[in-house]
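Tertiary structure, described
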Amino acid sequence: MRYAFIGGTLRGLELLKALIKNNFIPLKAIVLKEDDHEENISNEIITYLNQHRVENRCCKKVLSEDYIQLQTLSLDFVFVCGWRTIIDVKLNRYLKLGMFAAHDSLLPLYRGFAPLNWAIINGEKETG
């Protein structure tokens, strides 16, 4: 299977480790650059990806150049885990199976920062 990874956080790192351990190595990774006040997981993710020779870029937003590159890779799917900004759904046009995403809310409800916190504050009975 040909796939790419878009994400970050400790949960994203654990997903990547599980995939790579089982010989599912992404063709490309776009890694979330956390804010200055947060624990720096992105460096750990990048080090892990580099050890497995996975092309990667660390940023806060998927750029048009990234979409173009992902389009040219003939991917089956993209895993998204631990990402904060909106990913253009047009990317799905170039994926055989689409995107698989883990999110703490039932998108588009509570998209953005701290979705689980807002679901709890608003008394939701279920979330992502």
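For the structure, see preceding data.
Residues numbered from 1 in each chain as written. Predicted model: local features only at pLDDT ≥ 70, side-chain atom pairs only at ≥ 80, totals over all residues. Heavy atoms only, no water.

**Quick notes on the state of the cysteines**
Within the structure shown, the criterion is met by zero disulfides. Free of any disulfide, Cys-81 has its nearest neighbouring cysteine sulfur in Cys-58, separated by 15 Å. Among the residues examined, Cys-81 registers a relative accessible area of 4% and is labelled buried. (Disulfide = S-S within 2.5 Å. Buried < 20%, exposed > 50% of the residue type's maximum accessible area, 1.4 Å probe, protein only.)

**As for the pattern of salt bridges**
Think of it this way: side chains of opposite charge can pair up when their charged atoms draw near. All chains considered together, the criterion is met by eight salt bridges. Close ionic contact of Asp-35 with Lys-60 constitutes a salt bridge, the shortest N to O distance being 2.3 Å. Of this pair, Asp-35 sits in the loop between strand 2 (28–32) and helix 2 (42–51) while Lys-60 is found in the loop between strand 3 (55–59) and helix 3 (64–72), placing the two residues 25 residues apart along the sequence. Take Lys-60: its relative accessible area is 39%, and that puts it in the partly exposed class. Notably, a salt bridge pairs Asp-35 with Arg-84, separated by 3.8 Å at the nearest N-O pair. Of the two residues, Asp-35 sits in the loop between strand 2 and helix 2 while Arg-84 sits in the loop between strand 4 (77–81) and strand 5 (98–102), which places them 49 residues apart along the sequence. A residue is classified by how much of its surface remains accessible, and Arg-84, at 30% relative accessible area, is partly exposed. (Salt bridge = Lys/Arg side-chain N within 4 Å of Asp/Glu carboxyl O. Helix = DSSP H or I, 4+ residues; strand = E, 2+ residues; numbered from the N terminus.)

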